[in-house]
Amino acid sequence: MTFTDFNLDESILAAVNEAGFKEPSPVQKEAIPLILQGQDIIAQAQTGTGKTAAFGLPMMSIMQGNNGVEGLVIVPTRELAMQVSDELYRFGRHKGLRTATVYGGTAYNKQIERIKHASIVIATPGRLQDLLRSGKITLNPAFVVLDEADEMLDMGFLDEIKDIFTYLPESRQTLMFSATMPAAIRRLAEEILREPATVSITKKESTNTAITQYYYVVQEYERDDALIRLIDFKIPNKCIVFCRTKKEVDRLATHLNAQGFNVGGLHGDMEQRQREIAIRAFKQGGIDIFVATDVAARGLDVNDVTHVFNYHIPFDSESYVHRIGRTGRGGKTGEAITLVTPDELRTLKRIEKDVGTKILNETVPTRNDVQLNRTDGLIAEIAETEISPDAIELVKTLQHQLDIVTIAHLLASKLLVTQEIKGKDKIGFDASEIETMIRRAMQQRGNERGRGNYRGGQRRKSHRPKQRRHY
Ligand code: ADP
Ligand code: MG
């Protein structure tokens, strides 16, 4: 199946081709025909599966252009507003469909001015409610989209959203998109949608199989060492490291910087401008490692993120899904790596069950593993290197005094000198140790069912085997 099988507008189709999209994703296959037929829909599909185009392409196909604001897209964060705006603009520009973004923290006037010339408004709930309530703008869109609806409810925007709908026309097509479908979302859907069709990409399809998921069991104090060792071993192109708190983001970013990595931090307390600068640097490659909190990185769509690290495991499975969805995007593969302490194994198992995919256990590579890996890489690199005239001259000169094998050894030593690997050799627990721990944790879970997690955690401590040292 290709995009030409849908009844999309010619100019939209041209833009899809330019974007290099070949085959529609599962959610696009199901949602696009329904939206073209004029249906309200509620669609559930994992992050990174192309939901923006799923609503954007049919909506923009139907739009007229030059006809005021025809589409309103409500998104949880400023970053997402910009991102969705970029993506929609890209698809709609041949048709002359302009986009305007609306979010807090910037001047009203400019935004209002841009809305006047736009066909599609992409807005965060707070500022949009402001504008509508104060009468600064009125909107009469034919399409209203709630994008990342679960995120918006998580962020406490339910009241704003309900209020916003009181300012919108009754006769409209409403589209709701969400990565997860908790009860609160279903209730909201009943209120704002009219006889919606449900698009639910089953777990198996919707689990982004392009993402391989691993976990590593370490002691609390080993997190930094394990993270650095894994970065050294996996050699990510770009990666995001998720932390729980702003403080941890700052500390870890500083620490990684000191280790010589190109690191940027991202959290909710940063000023909007700073955040934009950081995100741009990450997109353009000036920063390779982004240390971020959940909220700050919601929905972030950066190409070529090869690895997502959970420095701490998130508590709920929905955050886990959102976090790992930052990699494996747009048909590329990715790895999601979670560090857990023995105490956190139960959380991991719960998430694994909720998400419905296997999270594979691995042991943190030793120094030797990293060395071997690098040697392999180096050998491949050497094999691909072209011999330069200067190199031939250099070897000729060296040959006056040294034999060829010695020269080779000297050059190789010089290459390897910068490659010292830091940290102790063995970090964390190995497979058989982890197996025992899981068994114990699952047993305990049986015994403690119904009791608070926290107390369970406290009690377990006294049963735990003495800490092993591996020097
Ligand atoms: P979601 O909203 O489900 O998280 P996005 O709409 O942000 O996903 O899409 C993720 C990435 O995949 C974007 O970079 C987008 O351009 C790309 N993409 C979307 N649909 C396709 C497709 N059919 N083929 C290739 N890439 C796609
Ligand atoms: Mg999206």
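Cut-off values and rules
Residues numbered from 1 in each chain as written. Chains lettered and ligands numbered in written order. Predicted model: local features only at pLDDT ≥ 70, side-chain atom pairs only at ≥ 80, totals over all residues. Heavy atoms only, no water. Pairing = 2+ DSSP bridges. Helix = DSSP H or I, 4+ residues; strand = E, 2+ residues; numbered from the N terminus. Salt bridge = Lys/Arg side-chain N within 4 Å of Asp/Glu carboxyl O. Buried < 20%, exposed > 50% of the residue type's maximum accessible area, 1.4 Å probe, protein only. Near = heavy atom within 4 Å. Polar contact = N/O pair within 3.5 Å; in protein donor to acceptor, adjacent residues only side chain to side chain. 1 Å grid on protein atoms, 1.4 Å probe; cavity = no way out; pocket = protein on both sides within 12 Å on 5 of 7 lines; lining within 4 Å. Sits in = over half its atoms within 2 Å of the grid points. Nonpolar A, V, L, I, M, F, W, Y, C, P; charged D, E, K, R; others polar. Domains from an automatic or database assignment. Patch = residues over 30% accessible without salt bridge, like charges linked within 9 Å, V, L, I, M, F, W, Y side chains within 5 Å. Areas by Shrake-Rupley, 256 points an atom, 1.4 Å probe, with all protein chains shown as cover. Contact = heavy atoms within 4.5 Å.

Engineer: Could you give an account of the sheet that holds strand E10 (residues 263-266), naming the residues involved and the relevant values?
Structural biologist: Pairing is parallel in the open sheet, where seven strands are placed in the order E10-E11-E9-E12-E13-E8-E14. Each edge of the open sheet is held by one strand with a lone partner, namely E10 and strand E14 (360-361). Of the pairings in the sheet, the one linking strand E12 (residues 305-310) to strand E13 (residues 334-340) comprises four bridges and is parallel in character. Each bridged residue has a counterpart across the sheet, and for Phe309 the counterpart in E13 is Ile337.

Engineer: Account for the pattern of salt bridges, naming residues and giving values.
Structural biologist: Using the criterion set out here, one finds 24 salt bridges in the structure. A salt bridge links Arg133 to Asp163, with the nearest nitrogen and oxygen atoms 3.4 Å apart. One end of the pair, Arg133, is in helix H6 (residues 125-133); the other, Asp163, is in helix H8 (residues 158-166), and 30 residues separate them in sequence. What makes Asp163 buried here is its relative accessible area of 18%. Between Lys332 and Asp304 there is a salt bridge whose closest N-O contact spans 3.5 Å. Of the two residues, Lys332 sits in the loop between helix H14 (317-324) and E13 while Asp304 sits in the loop between strand E11 (289-293) and E12, which places them 28 residues apart along the sequence. Residue classification places Asp304 among the partly exposed positions, given a relative accessible area of 34%.

Engineer: Requested: an account of the site of ligand 1, with residues and values cited.
Structural biologist: Neighbouring ligand 1 are 18 residues, the closest being Glu23, Gln28, Gly48, Lys51 and Thr52. The backbone of Glu23 places a nitrogen or oxygen atom 2.9 Å from a nitrogen atom of ligand 1. Between ligand 1 and Asp301 there is a distance of 3.0 Å, counted from an oxygen atom to a side-chain nitrogen or oxygen. Cavity membership is defined here by more than half of the atoms lying within 2 Å of grid points; on that basis ligand 1 lies in the largest pocket. Elements with a minimum of two residues in the shell around ligand 1: helix H3 (51-62) and helix H4 (78-92). Within the shell around ligand 1, the residues separate by chemical class into three nonpolar, nine polar and six charged. The residue makeup of the shell around ligand 1 includes at least three contributed by each of domain 1 (3-205) and domain 2 (207-364).

Engineer: An account of a nonpolar patch on the surface is needed here, citing residue identities and associated values.
Structural biologist: Among the surface-exposed residues, Ile382, Leu415 and Leu416 lie close enough to one another that they form a single nonpolar patch of about 260 Å² accessible area. In this structure Leu416 comes out as partly exposed when scored by relative accessible area, which is 38%.

Engineer: Just give me the short version of the side chain of Ser61, but keep the residues and values in it.
Structural biologist: Within the secondary structure layout, Ser61 lies in helix H3. Side-chain polar atoms of Ser61 contact the backbone nitrogen of Asp9, separated by 3.0 Å. Excluding residues that lie within four positions of it along the chain, Ser61 makes contacts with Leu8, Asp9, Ile12, Leu36 and Lys95.

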